Amino acid sequence: MAKQLYDYWFVQFDFPNEEGKPYKSSGGAMVWNEKLKREIPQGWTAAKIKDVAQTYSGGTPTSTNSEYYDGGDIPWINSGELNNPIITSTTNYITEEGLNNSSAKLYPQDTVLVALYGATAGKVSLLSFEACSNQAVCGVIPQNKIMTTYIRYYLSSLYEHFITLSSGSARDNKFGLTSAFTAAPRHSSNCVWLCARLARKLSFICLLHQTLV
């Protein structure tokens, strides 16, 4: 249901207009965008992920150095764990020394994770706690936290695109991710407003689902 709502608002462009009616279905103005090769709402533009979020690749401490792993308490996510849409726990940990002596970076809670290659290439998951990851995972941290839900579902919609990239190197795959275009309101305040409405709507749906279960 959450993905259906995202598609309805950001793919079909029937998000609520100023009157609360579906934008496109109610006659909202659409214009052709050459970069996206499709019509998008008037006043929107084609933006890249790197324009609205910071992206970081993970890393793996030297496996032969036990000081990087033994007794570690820093959660360390691998790409296989991205089969879960929300990561709530892990069994893999590294030490602070391991973190400091590798290219791994500590991601904050609510970071969007994307598997860059391997069996789970293209999978997207939301991190529910502070953690780092190996190099097969890219962490996407929105410039504005309210955009987390939007970016999560947008990246999920690019699964087939990521699959075509997954045979390349991690660096090439990350470039393909950050260079992907998405349609977004031209003015950041409008984008934040719409993303906030999406987040509230999805929170209500989740709460309703929990009540009915």
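Coordinates for the structure precede this section.
Counting restarts for each chain: residues are numbered from 1 in the order of the written sequence. For a predicted model such as this one, the threshold for reporting local features is a pLDDT of at least 70, and the threshold for listing and counting side-chain atom pairs is 80 or more; totals across whole chains, interfaces and linings nevertheless cover every residue. As a convention, hydrogens and water are excluded, and side-chain values are obtained from all of the structure's heavy atoms.

**Points about helix α4 (residues 148–156)**
Okay, so step 1: Most of α4 is tucked away: seven of the nine residues are buried.
Okay, so step 2: When α4 is considered as a whole, its buried residues turn out to be Thr148, Tyr150, Ile151, Arg152, Tyr153, Tyr154 and Leu155. Per-residue accessibility, obtained with a 1.4 Å probe over protein chains only, is compared with the maximum for each type, and a residue is labelled buried under 20%, exposed over 50%, and partly exposed between these values. Comment: elements are numbered from the N terminus, with helices defined as DSSP H or I runs of at least four residues and strands as E runs of at least two.

**Here we look at the sheet that holds strand β7 (residues 93–94)**
Okay, so step 1: Read from one edge to the other, the open sheet built from three strands follows the order β7-β5-β10, with strand pairing classed as mixed. Of all strands in the sheet, those with a lone pairing partner are β7 and β10 (132–133), marking the two edges.
Okay, so step 2: When strand β5 (residues 74–77) meets β7, the two strands line up antiparallel, connected through two bridges. Within β7, the position partnered with Ile74 by the bridge is Ile94. Criterion used throughout: strands pair if DSSP finds at least two bridges between them.

**With respect to the side chain of Asn134**
Okay, so step 1: Note on placement: Asn134 falls in the loop between β10 and β11 (137–142).
Okay, so step 2: Judged by relative accessible area, which is 12%, Asn134 ranks as buried.
Okay, so step 3: Here a residue-residue contact requires only that any non-hydrogen atoms of the pair lie within 4.5 Å. Contacts of Asn134, omitting those with residues within four sequence positions, involve Gly58, Gly59, Thr60, Trp76, Ile77, Asn78 and Ser79.

**Description of the sheet that holds strand β6 (residues 86–87)**
Okay, so step 1: Pairing in this open sheet of five strands is mixed, and the strands run β4-β11-β8-β9-β6 from one edge to the other. Each end of this open sheet is capped by a strand with a single partner; those strands are β4 (53–57) and β6.
Okay, so step 2: With two bridges joining them, β6 and strand β9 (residues 124–127) adopt parallel strand pairing. From the neighbouring strand, Ile87 faces β9, where its bridge partner is Leu127.
Okay, so step 3: Working convention: axes come from line fits to C-alpha atoms, limited for helices to the stretch in contact. Angles between N-to-C directions cover 0 to 180 degrees. Running at roughly 155 degrees to β9, α4 makes contact with β4, β6, β8 (112–115), β9 and β11 of the sheet.

**Structural notes on the packing of aromatic side chains**
Two aromatic rings, taken as a pair, are described by how far apart their centres are and by the angle between their planes.
Okay, so step 1: Pairs were defined over the aromatic rings of Phe, Tyr and Trp, the Trp ring being its six-membered one, requiring ring centres within 6.5 Å. Orientation was assigned from the angle between planes: stacked under 30 degrees, edge-to-face over 60, tilted for the rest. One pass over the structure, following the stated rule, counts 10 aromatic pairs.
Okay, so step 2: Centre to centre, the rings of Phe10 and Tyr150 are 4.6 Å apart; their planes meet at 50 degrees, and the pair counts as tilted. One end of the pair, Phe10, is in helix α1 (residues 2–10); the other, Tyr150, is in helix α4, and 140 residues separate them in sequence.
Okay, so step 3: Exposure remark for Tyr150: the relative accessible area of 3% places this residue in the buried category.
Okay, so step 4: Aromatic pair Tyr69 and Trp76: ring centres 6.1 Å apart, planes at 70 degrees, arrangement edge-to-face.
Okay, so step 5: With a relative accessible area of 13%, Trp76 lands in the buried category.
Okay, so step 6: Feature note: the residues Tyr6, Phe10, Phe13, Phe15, Tyr23, Trp44, Tyr150, Tyr153 and Tyr154 constitute an aromatic cluster, connected by ring pairs.
Okay, so step 7: One cation-aromatic arrangement involves Lys105 over Tyr56; the distance from NZ or CZ to the ring centre is 4.5 Å. Put simply, a charge is over a ring when the Lys NZ or the Arg CZ is close to the ring centre, within 6 Å, and near the line of the ring normal, within 35 degrees.

**A look at the environment of Gln143**
Okay, so step 1: With respect to the helices and strands, Gln143 occurs in the loop between β11 and α4.
Okay, so step 2: Each C-alpha atom, one on Gln143 and one on Lys50, is 9.6 Å from the other, the two residues being 93 residues apart in sequence.
Okay, so step 3: Once you skip the residues sitting within four places of it in the chain, Gln143 turns out to touch Lys50, Asp51, Val52 and Ala53.

**Topic: the pairing of β8**
Okay, so step 1: Residue alternation in β8 divides its side chains into two sets, Val112 and Val114 and Leu113 and Ala115, and both sets are buried.
Okay, so step 2: As paired strands, β8 and β9 are joined by three bridges and run antiparallel to one another. Residue pairing across strands places Leu113 opposite Ser125, the latter belonging to β9.
Okay, so step 3: In terms of strand pairing, β8 meets β11 through four bridges, oriented antiparallel. Of the residues in β11, the one forming a bridge with Val112 is Val140.

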